[in-house]
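Residue strings, one per chain:
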Amino acid sequence: MTHHYRVIRRLCEISQANAGLPCLYQQAWFNLPRHVGEDFNCTLNEKRFTAMTMDTKGLPMKTMIKKTAMSMVLVLGLASAASLTLALPADFDAKLAARPDADKARDEARKPKETVELLGIKEGWTVVDVSAGGGYFTRVLSAAVGPKGKVLAQFGERAAQNNGGQAQKDLAAQLGNMEPQFVAMSALPAGSADAALTALNLHDAFNFRGEEGGLAFVKEIYNVLKPGGVAAIIDHEGNAGAANADLHRIPASVVRDLITKAGFEIVEESNVLDNPKDDHTKATNSPELERHTDQVFFVVRKPA
């Protein structure tokens, strides 16, 4: 449990113990955005909050209510400020709407806005799009970090062999805050990124290079992140024991194991990309699935 949740829970306990009041802090508790621990840690500490509320015993009821209310207002104000800090740029939706039709046609299956919200991306961050491919998430991440942020779109060496990587360079010129990387992930500076995202890539590293290859893939993401950095690891879900190399899938249990072995902490295992119509027995390019597979979605964090 992160620091800010402990603080607000403690305030709830104190307000109820001291004055028998209903926990008015619950509104702040349930509306706090994800990944704001660092914002609270910079501003608050639990002892200060405790000191503001613990000395109410023995005081008149009016004083107790006043002190509790003042603490509650401070908590709610900070929660609101954290929400504003984490808000996506004002033009985020407009930029999503301006993407190519081929990208927008995949949004129902890929949930771009929900993805960046789950990852907690902020304006000004440096984010790596791992194995960026055609740039679907490159465009989304570019919109999320804004003009003061930066997207390192890792296309790999092979992309540069196709017309000198001109398509990727043109995309960079169009977006303005993207830098194409025609290198392996291992060549990116260690500890340089606030966040990273890889979508539908890990299964190939694991299926064709075994556990060693899958673990190396995840460790390269770990290495590029700053301490405390976060990553989204998304892939086509497979059934354990199935011919996943042929189906281009990977079991959730395998992904979870690789994540923990690489040193990451699992923040959340989201169901936002679940598709119950996909039983994991068909190839991911099956016409019946219409490119809408059931997908694992892990939000992970590199320890600070």
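What comes next is a walk through the structure. Note that the structure is predicted; figures quoted are calculated from it, not measured.

The next subject is the packing of helix H9 (residues 112–119) against helix H10 (residues 136–145). Following both chains from N to C, one finds H9 and H10 inclined at 55 degrees, their axes separated by 10 Å at the closest point. By the angle between their directions, the pair H9 and H10 is classed as oblique. For the element pair H9 and H10, the recorded crossing hand is right-handed. Residues Pro112, Thr115 and Val116 of H9 touch H10, and the partners they reach there are Tyr136, Phe137, Val140, Leu141 and Ala144.

What describes a pair of aromatic rings is the distance from one ring centre to the other and the angle between the planes of the rings. The full count for this structure, using the stated rule, is 3 aromatic pairs. Judged by centre distance (5.0 Å) and plane angle (85 degrees), the rings of Tyr136 and Phe137 are edge-to-face. With a relative accessible area of 5%, Tyr136 lands in the buried category. Here Arg110 stacks its cationic end above the ring of Tyr136, 4.5 Å away from the centre of that ring. The lysine or arginine in question, Lys302, covers the ring of Tyr222, its NZ or CZ lying 4.8 Å from the ring centre.

Here the focus is the pairing of strand E2 (residues 150–154). Taken across its 5 residues, E2 has 4 buried, putting it largely inside the fold. Pairing of strand E1 (residues 126–130) with E2 involves 4 bridges; the strand directions are parallel. Bridging across to E2, Val127 finds its partner in Val151. Crossover connection from E1 via H10 to parallel E2: handedness right-handed.

Turning our eyes to something else, we now look at the nonpolar core. Side chains that are nonpolar tend, in soluble globular proteins, to be buried together. Among the nonpolar cores identified, the biggest contains 34 residues, and Phe92, Val116 and Ile121 are the most heavily contacted of them. Elements that contribute at least two residues to this core include exactly helix H6 (92–97), H9, H10, E2, helix H12 (166–175), strand E4 (193–199), strand E5 (225–238) and strand E8 (295–301). Those residues in contact with Phe92, other than ones at most four positions away along the chain, are Lys113, Val116, Val140, Ala143 and Ala144. Leu215, Ile233, Ala262 and Val300 belong to the second-largest nonpolar core, a separate cluster that totals 29 residues.

Criteria and cut-off values
- Residues numbered from 1 in each chain as written.
- Predicted model: local features only at pLDDT ≥ 70, side-chain atom pairs only at ≥ 80, totals over all residues.
- Heavy atoms only, no water.
- Axes fitted to C-alpha atoms, helices over the stretch in contact; angles between N-to-C directions.
- Helix = DSSP H or I, 4+ residues; strand = E, 2+ residues; numbered from the N terminus.
- Parallel < 35°, antiparallel > 145°, perpendicular 65-115°, else oblique.
- Left-handed = near helix turned anticlockwise from the far one by under 90°.
- Contact = heavy atoms within 4.5 Å.
- Phe/Tyr/Trp six-rings, centres within 6.5 Å; stacked < 30°, edge-to-face > 60°.
- Buried < 20%, exposed > 50% of the residue type's maximum accessible area, 1.4 Å probe, protein only.
- Lys NZ or Arg CZ within 6 Å of the ring centre and 35° of its normal.
- Pairing = 2+ DSSP bridges.
- Right-handed = clockwise from strand over helix to strand, strands pointing away.
- Core = buried A, V, L, I, M, F, W, Y, C linked by side-chain atoms within 4.5 Å.

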